[in-house]
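Fold and geometry: a report
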Amino acid sequence: MPAELDELLRGLSVYQDIVLAGQTERRGERDCEERWNAIAPHLPETGSLLDIGANFAWFCLRWCNAGADRIAVAWEADLRSAAIARYVLASNAAERICLITARADTKNLQTFVASGQRYSVALCLSVLHWLPDHRTFLHALGSVAPRILIEHCDPREEGAGIEHVRREIGFIGDYLRQMFPERTVRRLAVWKSHLTDEFPRELWMVEGQNAEPSPLPPTP
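Here we summarise the structure given alongside this text. (Residues numbered from 1 in each chain as written. Predicted model: local features only at pLDDT ≥ 70, side-chain atom pairs only at ≥ 80, totals over all residues. Heavy atoms only, no water.)

**Looking at unusual backbone geometry**
As a reminder of what qualifies: Strands here mean DSSP runs of E at least two residues long; helices mean DSSP runs of H or I at least four residues long; both are numbered from the N terminus.
One non-glycine residue, Ala21, lies in positive phi territory at about 50°. With respect to the secondary-structure elements, Ala21 resides in the loop between β1 (18-20) and β2 (23-26). Not every positive phi belongs to a glycine, and Ala93 is a case in point at roughly 50°. If you trace the backbone, Ala93 turns up in the loop between α4 (79-91) and β5 (97-100).

In structure tokens form, the structure reads like this:
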């Protein structure tokens, strides 16, 4: 592994696989390929992808490498992880991926809404349990993407995200149906958490005919 990357990784856990110049240099804690195999059949052939909590931009790279008419935004608020993503994207000469490092919250997402940005699909993989404003954030996300793929933990998974947020959300299927009563909500896959064997994580998809969400439902 290049010394520069090794220095960037010092003291940082390798969450996603690290791909340099098209080759996997190091495997991450999470099974990226398993997730991609579950996600890929539900992605459009062309268009734009917004990856929230993109980490090392693995999914953005995989998406753009699968077709010439694809662009992506990798949104990663952690500056150290974003530095790895920047290194990875440069190594792969990724010219159709934009990396942004703003905090993932409703205020910043509303700038996307206000500027009229729209995406074909959004990924929100193991992110919601870190967001105190998860309800307003997800509602705003529904304004910019007609299809959202969401991975989430079981509310009983200790150590996952912020505890009170994880418990507020509860079981993700019920939560998403309450958040998006006029859209189709379905579970796509279940897989092992990287933190525990006791409670799996689930992948769900929310999709509708347009990107205009219903009014934000009241908090249960």
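**Quick notes on the packing of aromatic side chains**
Filter applied, for reference: Working definition: a ring pair exists when centres of Phe, Tyr or Trp rings (six-membered ring for Trp) sit within 6.5 Å. Plane angles under 30 degrees give stacked, over 60 give edge-to-face, the rest tilted. The rule for a charge over a ring is simple: NZ of Lys or CZ of Arg within 6 Å of the ring centre, and within 35 degrees of the ring normal.
A complete count under the given rule lists five aromatic pairs for this structure. For the ring pair Trp75 and Phe137, a centre distance of 6.2 Å and an interplane angle of 55° mean the geometry is tilted. On the criterion of sequence distance, the pair formed by Trp75 in strand β4 (residues 70-75) and Phe137 in helix α6 (residues 134-144) is long-range, its members being 62 residues apart. Clustering of aromatic rings is evident, with ring pairs tying together Trp75, Phe112, Tyr119 and Phe137. Looking at Arg70, its charged tip hangs above the ring of Trp63, at a distance of 4.2 Å from the centre.

**Considering the pattern of salt bridges**
Put simply, the rule reads: Just to be clear on terms, a salt bridge is a Lys or Arg side-chain nitrogen sitting within 4 Å of an Asp or Glu carboxyl oxygen. Partly exposed residues are those whose accessible area sits between 20% and 50% of the maximum for their type, while under 20% is buried and over 50% is exposed, using a 1.4 Å probe and protein chains only.
The full count for this structure, using the stated rule, is 16 salt bridges. For the salt bridge of Arg156 with Asp154, the shortest nitrogen-to-oxygen distance reads 2.8 Å. Across the pair Arg177 and Asp174 runs a salt bridge whose closest N-O atoms are separated by 3.8 Å. One end of the pair is Arg177 and the other is Asp174, both in helix α8 (residues 172-179) and three residues apart, which spans about a single turn. For Arg177, a relative accessible area of 41% puts it in the partly exposed group.

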